[in-house]
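Listed here are the chains, written in short residue letters.
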Amino acid sequence: MKSKNRESLTDSRELDGSYDPLTDSVEDDFELSTVCHRPESMDKLQEQTKFTKKELQVLYRGFKNECPSGVVNEENFKNIYSQFFPQGDSSTYAHFLFEAFDTDKNGSVSFEDFVFGLSIILRGTINDRLNWAFNLYDLNKDGCITKDEMLDIMKSIYDMMGKYTYPTMQDDAPREHVESFFQKMDQNNDGVVTIEEFIESCKKVHVHCEIVMVLPVQPWLCRSPAHLRLISNH
Amino acid sequence: MAAGVAAWLPFARAAAIGWMPVANLPMPVAPTEKNKRQDELIILNVSGRRFQTWRNTLDRYPDTLLGSSEKEFFYNEETKEYFFDRDPDVFRSVLNFYRTGKLHYPRYECISSYDEELAFFGIVPEIIGDCCYEEYKDRKRENAERLMDDQEDNKDAKLPNMTFRETMWRAFENPHTSTMALVFYYVTGFFIAVSVITNVVETVPCGSALNMKEVPCGERYTVAFFCMDTACVMIFTVEYLMRLFAAPSRYRFMRSVMSIIDVVAILPYYIGLVMTDNEDVSGAFVTLRVFRVFRIFKFSRHSQGLRILGYTLKSCASELGFLLFSLTMAIIIFATVMFYAEKGSSSSKFTSIPASFWYTIVTMTTLGYGDMVPKTIAGKIFGSICSLSGVLVIALPVPVIVSNFSRIYHQNQRADKRRAQKKARLARIRISKTGSSNAFLHSKRNGLFNEALELTQLPYKMNVSDQCSTEEEQRLSKSTSLLESQHHHLLTCLEKTTNHEFVDEQYYQQSYLEAGLENYPTRSPSLSSQEGVTSTCCSRRSKKHHSPLPNSSEPAHMQPLTHVHHQGLQELSTIHIQPLSTSRSSLNLRMEEPAPLNCQGSQITTAIISIPTPPVTTPEGDAHLPAGPAHQNVVKVSAL
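By convention here, each chain's residues receive numbers from 1 onward along its written sequence. All chains are assigned letters beginning with A, and all ligands numbers beginning with 1, in the order in which they are written. With the structure being a predicted model, the display of local features is reserved for residues of pLDDT at least 70 and the display and counting of side-chain atom pairs for 80 or more, all residues being used for whole-chain, interface and lining totals. Here the side-chain values reflect all heavy atoms present in the structure, with hydrogen atoms and water set aside.

K.L.:
What exactly am I supposed to notice about the packing of aromatic side chains here?
P.N.:
Geometry of an aromatic ring pair is reported as the spacing of the ring centres plus the angle between the planes. Working definition: rings of Phe, Tyr and Trp (its six-membered ring) pair if their centres are within 6.5 Å, and the pair is stacked with planes under 30 degrees apart, edge-to-face with planes over 60 apart, and tilted otherwise. Taken as a whole and judged by the stated rule, the model has 43 aromatic pairs over all chains. Seen from their ring centres, Tyr 81 of chain A and Tyr 93 of chain A are 6.1 Å apart, and the 45° between their planes marks the pair as tilted. With Tyr 81 of chain A in helix α3 (residues 74–82) and Tyr 93 of chain A in helix α4 (residues 91–101), this residue pair connects regions lying 12 residues apart in the sequence. Each member of the pair, Tyr 81 of chain A as well as Tyr 93 of chain A, is classed as buried. Geometrically, the ring pair formed by Tyr 105 of chain B and Tyr 136 of chain B is edge-to-face, given 5.5 Å between the ring centres and 75° between the ring planes. Runs of E in the DSSP output that reach at least two residues are strands. Runs of H or I that reach at least four are helices, and both are numbered from the N terminus. Each residue's exposure class comes from its accessible area (1.4 Å probe, protein chains only) as a fraction of the maximum for that residue type: buried when under 20%, exposed when over 50%, partly exposed otherwise.

K.L.:
Hey, could you run me through helix α16 (residues 353–364) of chain B in this one?
P.N.:
Structurally, the α-helix is built with 3.6 residues per turn, so residues lying three or four positions apart point the same way. Residue and element names in this part refer to chain B. The end-to-end C-alpha distance of α16, which contains 12 residues, comes to 16 Å, matching closely the 16 Å that a straight helix rising 1.5 Å per residue would cover. Taken together, the buried positions of α16 are Ser 356, Tyr 359, Thr 360, Val 362, Thr 363 and Met 364. Where α16 is buried, its residues touch α15 (317–342) and α17 (377–395). Just beyond α16, the residue with positive phi is Thr 366, at close to 55°. Multiplying 1.5 Å by the residue count of a helix minus one yields the expected span of that helix. Note on contacts: a residue pair qualifies if any of its non-hydrogen atoms lie within 4.5 Å across the two residues.

K.L.:
Would you take a moment to explain the sheet that holds strand β1 (residues 41–46) of chain B for this structure?
P.N.:
Strands pair in a sheet through their backbones, by hydrogen bonds, and they do so in one of two ways: parallel or antiparallel. Residue and element names in this part refer to chain B. Should DSSP find at least two bridges between two strands, the strands are regarded as paired. In spatial order, the strands read β2-β1-β4-β3; together these 4 strands make up an open sheet with mixed pairing. Looking along the sheet, the strands with just one partner apiece sit at the ends: β2 (49–54) and β3 (75–76). Helix axes are fitted only over the stretch in contact, all axes being lines through C-alpha atoms; the angle between N-to-C directions runs from 0 to 180 degrees. In the packing of helix α4 (residues 88–100) onto the sheet, the strands contacted are β1 and β2, and the crossing angle to β2 comes to about 5°.

K.L.:
Can you help me understand the pattern of salt bridges in this one?
P.N.:
Side-chain pairs of opposite charge can arise whenever the charged atoms involved come near each other. Residue and element names in this part refer to chain B. Any carboxyl oxygen of Asp or Glu that lies within 4 Å of a side-chain nitrogen of Lys or Arg is treated as forming a salt bridge with it. Counted according to the given criterion, the structure contains 24 salt bridges over all chains. Taking the shortest distance from any N to any O, the salt bridge between Asp 115 and Lys 140 comes out at 2.7 Å. Here the residue Asp 115 occupies a position in helix α5 (residues 111–120), and Lys 140 occupies one in helix α6 (residues 130–155), the gap between them amounting to 25 residues. Residue classification places Asp 115 among the buried residues on the basis of a relative accessible area of 18%. Residues Arg 292 and Asp 229 are paired through a salt bridge, measuring 3.3 Å at the closest nitrogen-oxygen approach.

K.L.:
What is the right way to look at the nonpolar core in this model?
P.N.:
It is characteristic of soluble globular proteins that their nonpolar side chains tend to be buried jointly. Here, the term nonpolar core denotes a set of buried Ala, Val, Leu, Ile, Met, Phe, Trp, Tyr and Cys residues that are joined through side-chain atoms within 4.5 Å. Counting 88 residues, the largest nonpolar core has Phe 198 of chain A together with Leu 44, Leu 66 and Phe 84 of chain B as the members making the most contacts within it. No other element matches the 7 residues that α4 of chain A contributes to this core. Ranked by size, the runner-up nonpolar core spans 9 residues in total, among them Cys 232, Val 233, Phe 236 and Tyr 269 of chain B.

K.L.:
Sorry if this is basic, but what is going on with the side chain of Asp 262 of chain B here?
P.N.:
Residue and element names in this part refer to chain B. By secondary structure assignment, the location of Asp 262 is in helix α12 (residues 257–274). Judged by relative accessible area, which is 2%, Asp 262 ranks as buried. Those residues in contact with Asp 262 that lie beyond four places of it in its chain are Tyr 240, Lys 298 and Arg 301.

K.L.:
Help me out: how do you make sense of the pairing of β2 of chain B in this one?
P.N.:
One face of the sheet, then the other: side chains in a regular strand alternate in exactly this way. All names here are of chain B. In terms of strand pairing, β1 meets β2 through 6 bridges, oriented antiparallel. When the sheet's bridge partners are listed, Leu 44 is paired in β2 with Phe 51. Connecting β1 to the next strand, β2, in antiparallel fashion are 2 residues, including Ser 47 with a positive phi near 50°.

Below, the structure is given as structure tokens:
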């Protein structure tokens, strides 16, 4: 491997050996830097998810436009997601979302992961959806949500609001939110919320109604510009 | 087998007829083509331009988009063609690759857009043909350098939680990060200059009045110069040790150029301290003092020009080597010739061939000191040939070095320019970001949001505005695109979840200040009759933009704004008055209060007052919309 072919002449970092020729250089030789992932055929995806062919097509076009290599890595995912929340910092929440979508834990979300997740969220039964939401909150995937996990999630959601809010964001807003959440959800008061408590409480509190009403069922029937293609909910 | 060659296979098989008569063994059976599909034409519609090719052509490369089943995702049933919303010009190159097996890079194309298209179609760029490969690599390298420049600037951003050592290293490497670093930078620069000047002045003869002998200043003011030297060396030593301490990889630092220069600069002093005033050793000691001049190289941390020069010389090592080699050859040749030519003449200075070297060098570089001149005719002839060829030999490699220097220098100029423009670029990015958030706030304020909601067919009905706002619907359907409204819906869901609203910076500053001022809790819930209070609020809201509504049917919508007081003590009583415009409303409340204000002809002013509530009245946890029992919050609406 050749060494770097351009030095940093704008400062004297190179002279002090602070410029690492191995990692900081412009590679002259070509490495196969493009990882290309091809998804399964449309028929298979159609069987495994609840989308029609047309919807799959639209989904894939949007996906491929943002990620031509066929997979999203976490950085891209955060970039895409942050475009929707210009005022706040959505990177933590995007990280949690990424973990929830990346079911096989290989550090990247392929089109199949993406479509499976969306299929559950948009077309699944109430139980499926609540299950998915539970999975999102359960950060270490151990089957129960502790207060700390909930606090992390809540902070990340509040981070998305940014600084300029009305009323002014207090520091313990997330914590209070978590307290009230636990009050409602944790029925046996053992400090954690299990999946059954979660589903039951949500059903009681009509959360599922909102999920049905707010989340789109018939997506992507319009042509959308590139940057809103991914979550054009209808 | 290359794609182009495959087309000739039938010919080669037919030509095998020549072997049949002379074959001894029977020929094998020809493979039958199972399920020979009639080759069909595929239409590829790329942004309107239709390309047609055979299916087999595309199947040649099954690990690309067009060659695999991935293209089925782009199949359009109605028009029976594959539609790609990409650049048709670049697609030409892509399709030619399938046809000819060679990928060409069009020179006029931007390298990053070309790379993107290749990535989209799943083609690895390594297979670019030789004819275009160099150009491609050059452009790619330029682009990468540009990106690296941008990243370098980001590197300077201060990372949180840096250890003291890391902070120090960053301060050393980039003096602009903190004032201390800048001070240090200038102090070391000053001391380098002082040290170099001291060394120079030391040798200047200072006239002494008493004795006629001129002594250099160094010997006259020995103590003073010694103190100066000590001070400089102390500073340099401290600096070196600090750098050594802060370096992330000490081993690498110690091997680097600058550290060697540092060591060489301060070592003579210490050696001088250690060595005694020995007669035979002091000669060597004097020689060691020569190394003190290396201190001037320490300036290369301070000067970009020096670094460019050094880098140029390093990168032109081969040209310099060639120059040196050809010069040496010429010197030897001419020296030999001159020696033998001048051998005959008496009292000639050309005593040996090495002695003639001096003459040759001085002549070839057109210096001509004149201390050695040829006297014989032959010597003069060869001497003139020598000086003519000297000019040529030196003039040849020099332009290469010059052009290298020029290229590197311009590169750095460009990098500096880009850095200067970085501010403008960041401002552009910031503007585009705030543009989208401002759009949301703007639409919120003007109440276009809830009308825009009508455009989306949400399952639950808005029975309030149905009857009234048909005209406005039409008006608004033009102004807010569907996507914008969906984006705004998303942002509003977030607002509902956290029970805070997005506001712009101005309003935030305002309310922040007012939150400090207002400490008294308000008791009376209805202020409908208190004009006085109204007026104070109006002034606060005066900055808000009120969009005038048409006089005809005006839907008045409730404007509940839920405020959550987390700290029961400090309540912020807010009164929003929007005499003219509608504003965003929370969806659930509209649902739950179906008997509200309907559209009436007159202008309606609504006042919303928030009642101080006990803390922890946040709406239910993670749902997108606050569910039913949010009534503890604070909404009271009264129509004036």
